[in-house]
Amino acid sequence: MSLPLIRLAIGRTNGTAHYGVLLTATEFVTACASHSPDLAPIAEHTAHTLCQSCARAWLILTTPQHPGEEPEARPAIGTGASATGHRPIPGHLMGYCGKPLDPRTSPARRVCANCTAQGAALARLQRLAGELRLPDGDPSHVDDRVLWAPSGRGNLVTGHRRDALLDRSWCGQRLSGPNPGASNECAPCRQIWQEAEVTRQTYTLPQIRERAHRWPQRRDLDMFDDRAGALRPGDAYTLSGCEETHHVVAAADRSRSSHTDLVVYLPAADRIADVRVRGECLVTIQRPPCTQTVLLHPAPRVS
Ligand SMILES: [Zn+2]
Ligand SMILES: [Zn+2]
Ligand SMILES: [Zn+2]
């Protein structure tokens, strides 16, 4: 038996969405073990907010192990090494329970009850679903071609391009989230973005390409595992699920946000891309002794 993982919600257009599988026409199981007789399958690209526990279940199901060894337990950030151990989501410094974790391993015997519960709910889902079929997710860390929806009750037909470093649309609006269903692209966004893109191609790309080319010969690099939120301009990093070394051109400084926005150079494609990764994503960082180099040329702005 093989069942697809689908999204379920009580409301058809908004509210909280969960991941789960339909076992029969009326019987289903969710990844977070929440249950309501009113839950029903929903369409793609709706304005639902994803249940936090189901969002983590998705990460657990879709993230390959970090290259190199991952321990069975890590302590939560800010606790002692012998504190309760949390079960790390593969490729992330985040527990099954959602706690941000320390890169150290945990020798603790006690395992967090919430991590255990989340693991059990997911194991039940997998057991009942047989072989779980996952929908094609967006490649987890490169999404610079996706259009975004403005915050508030904006229209969902027109999508905006996002200035990753400012967390606003290029036309200056606040944004609520990706809007892959948008059929039109905002014209001011497109125009300003194109001008910024010319600057990137003309000035930034040759410089970072040269730097990346010399990178493998460098002997002065400090190498360590940390969260993606710790990345700084001038670093290079690798992460699970992607073979490539990413070179950080710029990083947005938004410590309270759940995601880290980066401008990176991808050597294989020879292009600079906006990249959005979860702050707790586990990355192996290569850091030169001095990362003060200014790599980003400011983009021209149309006011
Ligand atoms: Zn859920
Ligand atoms: Zn935990
Ligand atoms: Zn716009």
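See the structure above.
Once a new chain begins, its residue numbering starts again from 1 and follows that chain's sequence as written. Chain A is the first chain written and ligand 1 is the first ligand written, with later ones labelled in order. Per-residue local features are limited, in this predicted model, to residues with pLDDT of at least 70; the limit for side-chain atom pairs, both in listing and counting, is 80 or more; totals at the level of whole chains, interfaces and linings are taken over all residues.

A. Up close: the sheet that holds strand E16 (residues 222–227). Pairing is antiparallel across the open sheet formed by six strands, whose spatial order is E16-E21-E17-E18-E19-E20. Both edges of this open sheet fall to E16 and strand E20 (271–278), since each of them pairs with a single strand only. The sheet shows a mean angle of 40° between the axes of neighbouring strands, direction not considered. Sheet topology note: the strand E18 (residues 242–251)/strand E19 (residues 259–266) ladder contains four bridges and is antiparallel. Bridge pairing in E19 links Ala-251 to Leu-262. Against the sheet, helix H3 (residues 187–214) contacts E18, E19 and E20, and its axis sits at roughly 125° relative to E18. We treat two strands as partners when DSSP finds at least two bridges between them. In this description a helix means any DSSP run of H or I spanning at least four residues, a strand means any run of E spanning at least two, and both kinds are numbered starting from the N terminus. Fitted lines through C-alpha atoms serve as axes, helices being fitted only where they are in contact, and the angles separating the N-to-C directions of these axes extend from 0 to 180 degrees. We call two residues in contact when their backbone-placed C-beta atoms lie within 7 Å.

B. Structural view of the nonpolar core. Think of a nonpolar core as buried Ala, Val, Leu, Ile, Met, Phe, Trp, Tyr and Cys residues chained together by C-beta atoms that fall within 7 Å. Here exposure depends only on C-beta density: within 10 Å of a residue's C-beta, 20 or more other C-beta atoms make it buried, 12 or fewer make it exposed, and intermediate numbers make it partly exposed, the C-beta atoms being placed from the backbone. Core analysis: the biggest nonpolar cluster contains 30 residues, and Leu-231, Val-248, Val-249 and Val-283 have the highest contact counts within it. Every element with two or more residues in this core is listed here: strand E17 (236–239), E18, E19, E20 and strand E21 (282–287). Domain borders in the structure are assigned automatically or taken from a domain database. Counting residues domain by domain, this core receives three or more from each of domain 1 (2–133) and domain 2 (148–287). Apart from the residues lying within four places of it in its own chain, the contact partners of Val-283 are Asp-226, Ala-228, Leu-231, Tyr-237, Thr-238 and Leu-239. Judged by nonpolar contacts, the second largest core, of 17 residues, contains Ala-17, Val-29, Cys-32 and Ala-57.

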